[in-house]
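Chain and residue survey
Read off the chains here:
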Amino acid sequence: MTRIATRIASHMKRVAVILLGFTAATTRSQETPPALQFEEALVLPALGKFQRTPVYTDEVEYLRAHGQLESPKEGAAIASANGVEGTWKRIRAAEDGFFRDDALGGGYAFLSWDSPGDRVLLLSATGQSAAFVNGEPRAGDPYNYGKLALPVRIRAGRNEILLPCGRGQVKVSLTPAPKPLFLDTKDLTLPNLLVGEETKTCGAITVVNATRLPASLLRIGASVGGGKERISREVSLVELSARKCAFPLETDERWAAEADAPLRVRLYAGDPGGRRVLDETTVSLKVVRANAPHARTFLSSIDDSVQYFAVMPRANRIEKSAPAKDSAEPSAATAYPPATSVDPPAPALFISLHGAGVEASGQAACYAPKDWGVVVAPTNRRSFGFDWEDWGRLDALEVLDIASRAFGVDPSRVYLTGHSMGGHGTWQIGATLPERFAAIGPSAGWETFWSYTGAARLAADDPVEAMLARATNPSDTVALMRNYAQLGVYVLHGDADDNVPVARARAMRSRLAEFHGDFAYYERPSAGHWWGNACVDWPAMFEFFQRHARPALEDVRHVEFITANPGVSSRCDWLTLEAQVHPLMFSSADIRLEAERNAFTGTTENVERLSVDLVALRKAWASRTPAKDDPSSSPASPPSSLSVTLDGQTIADITVPVDEGALHFTRVADHWTLDLNGPAPPWMKSPRRYGPFKDAFRNRMIFVYGTQGSAEENAWALAKARFDAETFWYRGNGSPDVVADMNFDSTKEPDRSVILYGHSAMNAAWSRLLPQDCPVVAKPGSVRIGESDFRGDDLACLFVRPRPGSETACVAVIAGTGLPGMRVTDRFPVFMSGVAYPDCIVISSEMLRTGAKAVRAAGFFGNDWSVERGEFAFRSE
């Protein structure tokens, strides 16, 4: 038996042993008395600054990374590198169980106690940015969702919890798990059932593995109203973990009236022939009329998680309601009469983005139904989510595509609007993807993190920091706003807004006035941040929308477009910017179709590859009328050639493709050439896979942790992969697979992105996914990037590469050259919106004391994924 087979057999035997002791459960309450409620804590004020950038300072983190953090004692002092000193002090919990103190606005809380024995308990904490339980990182709950119950190992003897905090308060309790493996109903994702309609969709529930062994061969069964049970695909969990898992949800009959339908959910173990029930619970599904506001679920292509969106159906299915009330809840008196039998024209689609802390269901309910379109509210993946950037933007696009198909919408009449954080999302997504919308309507929106949240800008005059700053360019809404020229824009804001100052709207109005001829602006006198449903469902804005439709692709004669990253936004109408000269610097093109001359003419900036779809030119040829003096003559035949002029260089006599494809062009040394072979090879950077680092966290990504290092290294890799999975669940309602390197089969599912945890000597999947000529290698004691070597055991390295055999998937690496370097990565804010990493970065632990000065290397690979043709900045010690 091979080494791998032996390990797998051993693992399965261990799992099987666990399952033998489980029995079926009946519907139960999940309320469990706490085993430990803390009344006292030590707190320490901030000794550094955690901010919306890849680099931050924190003296406690530095000491922890190097194994030098002593157990805190009351009165003990810690001094930061810049001379600021903090002292641990004791505080007591308030009656509600929360610890509150100014020190917790960026500092730490520390809890310790003695346990008579070794056991597993559930950590329920809220208010913390993260938690280190006996040194292991666990996800935080900074937004006070109260949905996390994470199984943690409690050792016999002394135990410690270190809690970085950012919002001034924290509450912690530990409770016994009801079972070794169980279902947790605190964080469900479920649809509404619709009266008179069959349901075939999905739901999600949290599965908790409160054992110290991995669990596999798990499945979830779900049945509605006593109907046939549907069984999920196999689910696996690493030891001491919680994971939100998808299950199929189907009904066998159509519900005749509004009701609460019982949904029985079971957790099974074993293969189909020997399946046994480990846990069972029953929850309710709300059945509503198909013409009422409702929620729909879908399986996301980002990570196979279940997400939902909310719908306010078209008014031809709902009697128009009374004018909007000053409430986010629908009126109890609203009537929903039967759907009409009239088949109206294709509806418009209104994508509405919610504000921070608002659920999509509440957002959709703020709108009166429209007789000419349907309102759809995505979730941003959570109520706080990603500020409609990163995975929030991807969620909005997934919902846009799903809703367009589900409701048969008119693609020329898609509109984007949103309030507060959703107003920012409207500005940002509208500037990033203008071709998807006819008009946008931001309400109480802010334009960028730098203008509203006070996010730090990195120094552009420092070569290394300039690389980090360049990675954030896709978030720079203002730099992208020329893209608004092709959209109608309606700006709405209250002039007494004390949350998002009206100055943000006025600044955008001034910028729009410099170039835009089709925007409207309204300030509501004496109105604050939320002034009732009207601040999202504003009649004048929807009248403005109704006057705008996006021209058909074949009718467009002029394209002006700018992008910061072709992997985020590359196409506008018939023009695609496929690759850049300087990665993630702004790229633009201004090109006109001169149909009468069979020519495209225009200019570009920072574009290395582009393509032009000939659909508009073909329509122009087809529409040419016969000569006036010969009405019986046929339309002229399409010409056999055309010309393209880019940046003053004309490429003439281009043979027109017979098929419906596009023309592809490449610039080499400021000289444009026609690519006779068509698109660039799939292994090169392209809109389908461009980087930078965070681009790997999609395409159903898998987290693969190393097991071939020392015991401490392996423990770090598992804990870090689990922490990232928990954090993506918390922030993004996500569900990435987490597997050990020895259990990962690289020959299966080659189009899934993979995140490797651990350096080349400790993660067995490294050699299977990264070829020997990989230009970046992290190993014990050093990192090599091309011809440059960086030495030390405290270096953290993150980079992204194309996955071999795939045109879309990436391989990303999170590694350290030693335990200090590995621990430095523990709290890297990868899942924080507005934080961006380049393709590759090497950071010393000194970052935790000196900030960006400790970044040793940062940069972007070339379009061939090489270091030599890329752009990097290096810093010596």
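Residues numbered from 1 in each chain as written. Predicted model: local features only at pLDDT ≥ 70, side-chain atom pairs only at ≥ 80, totals over all residues. Heavy atoms only, no water.

As for the overall build of the protein
Counting secondary structure elements, the protein contains 15 helices and 53 strands. Relative to the compact-globule value of 29 Å for 877 residues, the protein shows a C-alpha radius of gyration of 28 Å, a close match. Seen along its three principal axes, the alpha-carbon backbone of the protein occupies a region of about 105 × 70 × 65 Å. Taken over 877 residues, the protein has a buried fraction of 59%. (Helix = DSSP H or I, 4+ residues; strand = E, 2+ residues; numbered from the N terminus. Rg over C-alpha atoms; globule rule 2.2 N^0.38 Å. Buried < 20%, exposed > 50% of the residue type's maximum accessible area, 1.4 Å probe, protein only.)

Some points on the confidence of the model for the protein
Of all residues in the protein, 91% attain a pLDDT of 70 or more, and the chain-wide mean is 91. Contacts of residues 1-30 to residues separated by more than four positions or lying in other chains number 51 contacts, the stretch itself having pLDDT below 50. Within the model, pLDDT remains below 50 along residues 317-342, and this stretch shows 47 contacts once partners closer than five positions in the same chain are excluded. (pLDDT = per-residue confidence, 0-100. Contact = heavy atoms within 4.5 Å.)

A few points about the pairing of strand S51 (residues 840-844)
Within S51, five of the five residues are buried, which leaves the element mostly enclosed by the surrounding structure. Side chains Cys840, Val842 and Ser844 project from S51 onto one buried face, and the interleaved Ile841 and Ile843 project onto a second face that is buried too. Here strand S49 (residues 795-802) pairs with S51 via five bridges, running antiparallel. Paired with alanine 796 across the strands is isoleucine 843, a residue of S51. As defined by bridge partners, S51 adjoins strand S52 (residues 855-860) across four bridges and the pair is classed as antiparallel. From the neighbouring strand, isoleucine 843 faces S52, where its bridge partner is valine 855. (Pairing = 2+ DSSP bridges.)

Section: the environment of valine 776
Among the structural elements, valine 776 can be located in strand S46 (residues 776-779). A relative accessible area of 0% places valine 776 in the buried class. With 388 residues separating them in the primary sequence, valine 776 and tryptophan 388 have C-alpha atoms 32 Å apart.

Some details on the packing of aromatic side chains
Taken as a whole, this structure holds 39 aromatic pairs when the rule is applied. An angle of 90° between the planes, with centres 5.4 Å apart, marks the rings of phenylalanine 697 and phenylalanine 831 as edge-to-face. Here phenylalanine 831 lies in the loop between helix H14 (819-824) and S51 and phenylalanine 697 lies in the loop between strand S42 (671-674) and strand S43 (702-705), a separation of 134 residues in the sequence. Seen from their ring centres, tryptophan 766 and phenylalanine 799 are 5.9 Å apart, and the 70° between their planes marks the pair as edge-to-face. Of this pair, tryptophan 766 sits in helix H13 (residues 766-769) while phenylalanine 799 sits in strand S49, and the two are 33 residues apart along the sequence. For tryptophan 766, a relative accessible area of 6% corresponds to the buried category. A network of ring pairs unites the aromatic residues Phe386, Trp391, Phe693, Phe697, Phe703, Phe728, Tyr757, Phe828, Phe831 and Tyr837 as a single cluster. Sitting over the face of the ring of tyrosine 268, arginine 275 holds its NZ or CZ atom 5.6 Å from the ring centroid. (Phe/Tyr/Trp six-rings, centres within 6.5 Å; stacked < 30°, edge-to-face > 60°. Lys NZ or Arg CZ within 6 Å of the ring centre and 35° of its normal.)

So, the sheet that holds strand S50 (residues 810-816)
The sheet built from eight strands is open, its strands ordered S44-S43-S45-S50-S49-S51-S52-S53 with mixed pairing. Of all strands in the sheet, those with a lone pairing partner are strand S44 (737-740) and strand S53 (871-874), marking the two edges. Averaged over all pairs of adjacent strands, the angle between strand axes in this sheet comes to 15°, irrespective of strand direction. The sheet contacts of helix H7 (residues 463-471) involve S51, S52 and S53, and relative to S52 the element is tilted by about 45°. (Axes fitted to C-alpha atoms, helices over the stretch in contact; angles between N-to-C directions.)

Concerning the sheet that holds strand S18 (residues 200-209)
The strand order S16-S18-S22 describes an open sheet built from three strands, whose pairing is antiparallel. Each end of this open sheet is capped by a strand with a single partner; those strands are strand S16 (181-189) and strand S22 (241-250). Here the strands of the sheet are splayed against their neighbours by 35° on average, with no regard to which way each runs. In the sheet, S16 pairs with S18 via five bridges, with the strands oriented antiparallel. Bridge pairing links aspartate 184 to threonine 206 in S18.

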